[in-house]
Amino acid sequence: MEIPQVPVALSAARLWRSPTNLAVLIPNLGFVKVVSPNKFQRCNGVFLNGSDRRLMGFCSLKGNSGFVGERDLEGVLLERNGLEHSSESDKLGPDDSNVDSSSDRKQSVSGEEGVKTKPKITQNIVFVASEANPYAKTGGLGDVVGSLPVVLARRGHRVMVVIPRYMNGITDKVYGNALDTKLRIKVSCFGGDHEVAFFHEYKEGVDWVFVNHPSYHRPGNPYGDNFGAFGDNQFRFTLFCYAACEAPLVLPLGGYIYGERCIFLVNDWHASLVPILLAAKYRPYGVYKHARSVLVIHNLAHQGVEPATTFGNLGLPPEWYGALEWVFPTWARKHALDRGEAVNPLKGGIVTADRIVTVSQGYAWEITTAEGGTGLDELLRSRKSVINGITNGIDIDEWNPVSDRHISCQYSVIDLSGKAECKLALQKELGLAVRPDVPLVGFIGRLDYQKGVDLIRSSLDELMQDDVQFIMLGSGDPDIEQWMRTAECNYRDKFRGWVGFSVPVSHRVTAGCDILLMPSRFEPCGLNQLYAMRYGTVPVVHGTGGLKDTVENFDPFANGGEGRGTGWSFSPLSKEAMLGTLRIATQTYREYKNSWEGIMRRGMERDYTWEKAAAQYEQVFQWAMMDPPYCNMT
Ligand SMILES: Nc1ncnc2c1ncn2[C@@H]1O[C@H](COP(=O)(O)OP(=O)(O)O[C@H]2O[C@H](CO)[C@@H](O)[C@H](O)[C@H]2O)[C@@H](O)[C@H]1O
């Protein structure tokens, strides 16, 4: 095969040197590792002239093989002429703000045009997250990181997901197909050098990369065990962030590294150190100047705060303390001498990320208010011009009543009879009276203050006066778990509290119930209401965040009496409002069968795919790439 000689001077490319590697950054193509740069030769597709290191030619890195195409070359030449972006991306302007008011939100990423067509500009995308379904999942974060990357890969992007390789003896087999890349790196933090390894599995078009270290091998979930959160979580996730930053530079996945021109999609506090490391440890040395970071906030309530004295462990230059600095208000301090000084990685991520995304538009606005900002609202307001809300999609293959293998009888919007079967099967499975006529209400979720389980607890005695059945599936707060067991004893014929985490049971509850209750205090997006609607289960939710955005309140008189809406949302968050709305729902279920079926069908017919959200993310990526890095200290 003849390799074309491309007359591009090295000025269009950039050299990067580490003690062991020499690499070349080729604009528009990425970062190429050169195995042995000593003489003119072909190395990983690159031709270098040994004497003056002139770049003589290269192959396309976008596929696993092939030579540079005309389009790629055009990009290089454009950049050489000082034009950073192709004409396509020049047409796109960043939004002013989409978080201030409902009218401002209209300016938000629409993604409408991009849904059906594939993107014209593809990126190297690196997801960094603490969980990804099916490898590790404790909640909605795992669902999102398990499905969005696959959709982005299908749309033509090169996508890597980096998560820790948790070995807890129970879920180890899900990592069975991930092979040891044999690549080891040393991370300097917490007063020593720590060796981490990388495992890799290529599945559904995505490079799943697992960071291996003994601190991820222990019983429990990714964050803790029966005794609470692990005491060394700061260490575990610091190490993880360092490893995630190295992965695109060192891992030759499918033969090629991802390189320096990539977009890091960092999720929640566990990954928030990544944008800080890019700014503090890489860019000053000329690395990752072309990378951008997008911080995705799934839950602002968890920020990874630790005492200020731990800052030295993070391995960051001292001048970066300010980026993570966090001072608790006086009322939150423990004693008179407590100065409330702490380090807050999520805050650091907000300060340094190029763009910020939340998982619904409603939540994007809420986090900029004193009520929803959990102390970070002022900072978030200062960055509102780069905040976007993008409502999550769902994995429509895993959550599909037509093919769901966890439920006893499959059904669809055309034939709903299977749903009635699922209800009877669920009542039977849980030992409730098998009654098709009684409204069956469900709750699924982490037993946490966020989810409003305390409101259910305080309302249960009153709710149990009605002719309803109620099933709760959840784990978390041991106090609430115990209460669920007690409530089951008190109301044996009407209430079931399934304590634990079980994906098959969650599918059966979603399919078998008539109503799904979600009295969340706040909800960045919420996935269970989306799953419920797809299964013809009517959501009754507190009107907050993503719940308010996704559940349309039922109006029986709209559309010339045909009705409109997919559920009910109540406000304020009070026992009276919740019980009142639940009673309207159960009454509609009993007395207005046609209306009920209309609500079910409208919910089932909605588009829940990730395509629209993926197109919106692509727009955010383009905006991120157009601007210079937000934090550039060089
Ligand atoms: N006991 C149990 N057994 C089986 N499955 C269980 C379970 N408890 C919870 N789940 C599952 O975990 C997921 C929970 O997703 P959510 O979006 O409701 O919440 P979470 O608060 O974890 O996520 C955060 O991130 C997501 C994703 O962005 C946001 O939607 C959300 O608002 C934000 O709080 C669902 O798939 C649910 O079925």
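Residues numbered from 1 in each chain as written. Predicted model: local features only at pLDDT ≥ 70, side-chain atom pairs only at ≥ 80, totals over all residues. Heavy atoms only, no water.

- With an unreviewed UniProt entry as reference, the protein is termed starch synthase, source organism Amborella trichopoda.
- Entered under Pathway (unreviewed entry) in the UniProt record, the comment concerning the protein runs "Glycan biosynthesis; starch biosynthesis."
- Database annotation for the protein, UniProt heading Sequence similarities (unreviewed entry): "Belongs to the glycosyltransferase 1 family. Bacterial/plant glycogen synthase subfamily." (UniProt positions renumbered as here; feature names shortened; annotations may be inferred.)

1. A few points about helix α5 (residues 233-250)
Okay, step 1: For α5, which comprises 18 residues, the first-to-last C-alpha distance of 25 Å matches the rise-based estimate of 26 Å (1.5 Å per residue) to within 8%.
Okay, step 2: With 17 of 18 residues buried, α5 is to be regarded as a mostly interior element. (Helix = DSSP H or I, 4+ residues; strand = E, 2+ residues; numbered from the N terminus. Expected span 1.5 Å × (residues − 1). Buried < 20%, exposed > 50% of the residue type's maximum accessible area, 1.4 Å probe, protein only.)

2. Description of the site of the ligand
Okay, step 1: In the vicinity of the ligand there are 29 residues, among which D143, H298, R446, E523 and G526 approach most closely.
Okay, step 2: Between the ligand and H298 there is a distance of 2.7 Å, counted from an oxygen atom to a side-chain nitrogen or oxygen.
Okay, step 3: Here an oxygen atom of the ligand and a backbone polar atom of L527 are 3.1 Å apart.
Okay, step 4: About the coverage of the ligand: the protein hides 97% of its 720 Å² of free accessible area. (Near = heavy atom within 4 Å. Polar contact = N/O pair within 3.5 Å; in protein donor to acceptor, adjacent residues only side chain to side chain. Areas by Shrake-Rupley, 256 points an atom, 1.4 Å probe, with all protein chains shown as cover.)

3. Topic: the environment of D437
Okay, step 1: With respect to the element layout, D437 can be found in the loop between α11 (417-429) and β21 (440-447).
Okay, step 2: What makes D437 partly exposed here is its relative accessible area of 44%.
Okay, step 3: Along the backbone, D437 and A420 are 17 residues apart, and their C-alpha atoms lie at a distance of 9.9 Å.
Okay, step 4: Polar side-chain contacts of D437 include one of 3.1 Å to the side chain of R435.

4. Quick word on unusual backbone geometry
Okay, step 1: For the bond running from N133 to P134, omega is 5°, close enough to zero to count as cis.
Okay, step 2: With respect to the helices and strands, the residue P134 is situated in the loop between β7 (124-128) and α4 (140-154).
Okay, step 3: Residue P572 is bonded to the preceding S571 through a cis peptide linkage, with omega at 5°.
Okay, step 4: Within the element layout of this structure, P572 appears in the loop between β26 (568-570) and α17 (575-591).
Okay, step 5: Backbone geometry at T374 places phi at a positive 35°, although glycine is not the residue there.

5. Brief notes about the environment of G322
Okay, step 1: Take G322: it is sitting in helix α7 (residues 321-324).
Okay, step 2: Sequence-wise, G322 and E371 are 49 residues apart; in three dimensions their C-alpha atoms are separated by 25 Å.

6. Considerations on the pairing of strand β14 (residues 263-267)
Taken residue by residue, a regular strand's side chains alternate between the two faces of the sheet.
Okay, step 1: Counting buried positions over the 5 residues of β14 gives 5, a clear majority of the element.
Okay, step 2: By the alternation rule, side chains of β14 split into I263, L265 and N267 and F264 and V266, which are all buried.
Okay, step 3: Inspection of the sheet shows β14 paired to strand β15 (residues 292-297) by 5 bridges, in the parallel sense. Bridge assignment links V266 to a residue of β15, and that residue is L295.
Okay, step 4: Of the crossover connections in this fold, the one passing from β14 over helix α6 (residues 273-282) to the parallel β15 is right-handed. (Pairing = 2+ DSSP bridges. Right-handed = clockwise from strand over helix to strand, strands pointing away.)

7. As for the domain arrangement of the protein
Okay, step 1: Split by domain assignment, the protein resolves into domain 1 (124-304 + 354-393 + 616-626) and domain 2 (416-607).
Okay, step 2: The interface is formed by 16 residues belonging to domain 1 together with 14 residues belonging to domain 2.
Okay, step 3: Of the roughly 1,200 Å² buried between domain 1 and domain 2, counting both surfaces, carbon and sulfur atoms make up 59%.
Okay, step 4: Put simply, domain 1 and domain 2 have 0 salt bridges between them.
Okay, step 5: In this structure, the connection of domain 1 to domain 2 is made through 8 residue pairs in polar contact (both at pLDDT 80 or more). (Domains from an automatic or database assignment. Contact = heavy atoms within 4.5 Å. Buried area = accessible area lost by both parts, 1.4 Å probe. Salt bridge = Lys/Arg side-chain N within 4 Å of Asp/Glu carboxyl O.)

8. Comments concerning the sheet that holds strand β23 (residues 495-499)
Okay, step 1: Pairing is parallel across the open sheet formed by 6 strands, whose spatial order is β23-β22-β21-β24-β25-β26. Sheet topology places β23 and β26 at the edges, where each strand pairs with a single neighbour. Put simply, the sheet's adjacent strands are angled 20° from each other on average, direction ignored.
Okay, step 2: Pairing geometry for β21 and strand β24 (residues 515-518), over 2 bridges, is parallel. When the sheet's bridge partners are listed, G442 is paired in β24 with L516.
Okay, step 3: On top of the sheet, helix α12 (residues 453-463) reaches β21, β22 (469-476), β23 and β24; it is set at about 155° to β22, its chief contact. (Axes fitted to C-alpha atoms, helices over the stretch in contact; angles between N-to-C directions.)

9. Focus: the pattern of salt bridges
Okay, step 1: Evaluation of the coordinates by the stated rule reveals 22 salt bridges.
Okay, step 2: With a shortest N-O distance of 2.8 Å, D467 and R435 are connected by a salt bridge. Highlighted residues: D467 in the loop between α12 and β22 and R435 in the loop between α11 and β21, separated in sequence by 32 residues.
Okay, step 3: Put simply, R154, R155, E611 and E618 are held in one network by salt bridges that share partners.

10. Looking at the UniProt feature "domain: Starch synthase catalytic" (unreviewed entry) in the protein
Okay, step 1: Taken from the UniProt record, the annotation "domain: Starch synthase catalytic" (unreviewed entry) applies to residues 124-381.
Okay, step 2: Span residues 124-381 is 26% helix and 27% strand, its end C-alpha atoms 29 Å apart.

11. Focus: the packing of aromatic side chains
Aromatic ring pairs are defined here through the distance separating the ring centres and the angle between the ring planes.
Okay, step 1: Scanning the entire structure with this criterion turns up 22 aromatic pairs.
Okay, step 2: Judged by centre distance (5.3 Å) and plane angle (85°), the rings of Y589 and W596 are edge-to-face.
Okay, step 3: Note on Y589: relative accessible area 7%, which makes it buried.
Okay, step 4: Taken together through their ring pairs, the aromatic side chains of Y135, Y175, W208 and F210 make up a single cluster.
Okay, step 5: The ring centre of Y258 lies 4.0 Å from the NZ or CZ of R158, which sits over that ring.
Okay, step 6: The cationic tip of R383 hangs over the ring face of Y630; the distance from NZ or CZ to the ring centre is 3.5 Å. (Phe/Tyr/Trp six-rings, centres within 6.5 Å; stacked < 30°, edge-to-face > 60°. Lys NZ or Arg CZ within 6 Å of the ring centre and 35° of its normal.)

12. With respect to the side chain of T586
Okay, step 1: Tracing the chain through its elements places T586 in helix α17.
Okay, step 2: For T586, the contacting residues outside a window of four places in its chain are P439, V468 and I515.

13. Some thoughts on the sheet that holds strand β16 (residues 306-307)
Okay, step 1: Overall, antiparallel pairing links the 3 strands, which are arranged β16-β18-β17 in an open sheet. The open sheet has two free edges, formed respectively by β16 and β17 (325-327), since each of these has just one partner strand.

14. Details of the packing of α12 against α17
Okay, step 1: In contact at an axis separation of 10 Å, α12 and α17 are set at 55° when each is read in the N-to-C sense. Taken together, the axes of α12 and α17 lie oblique to each other. As α12 packs across α17, the resulting crossing turns out to be right-handed. Residue-level contacts link L455, I456, S458, S459, E462 and L463 of α12 to K575, M578, L579, L582 and R583 of α17.
Okay, step 2: Classifying every residue of the contact of α12 with α17 by side-chain character gives 6 nonpolar, 2 polar and 3 charged. (Parallel < 35°, antiparallel > 145°, perpendicular 65-115°, else oblique. Left-handed = near helix turned anticlockwise from the far one by under 90°. Nonpolar A, V, L, I, M, F, W, Y, C, P; charged D, E, K, R; others polar.)

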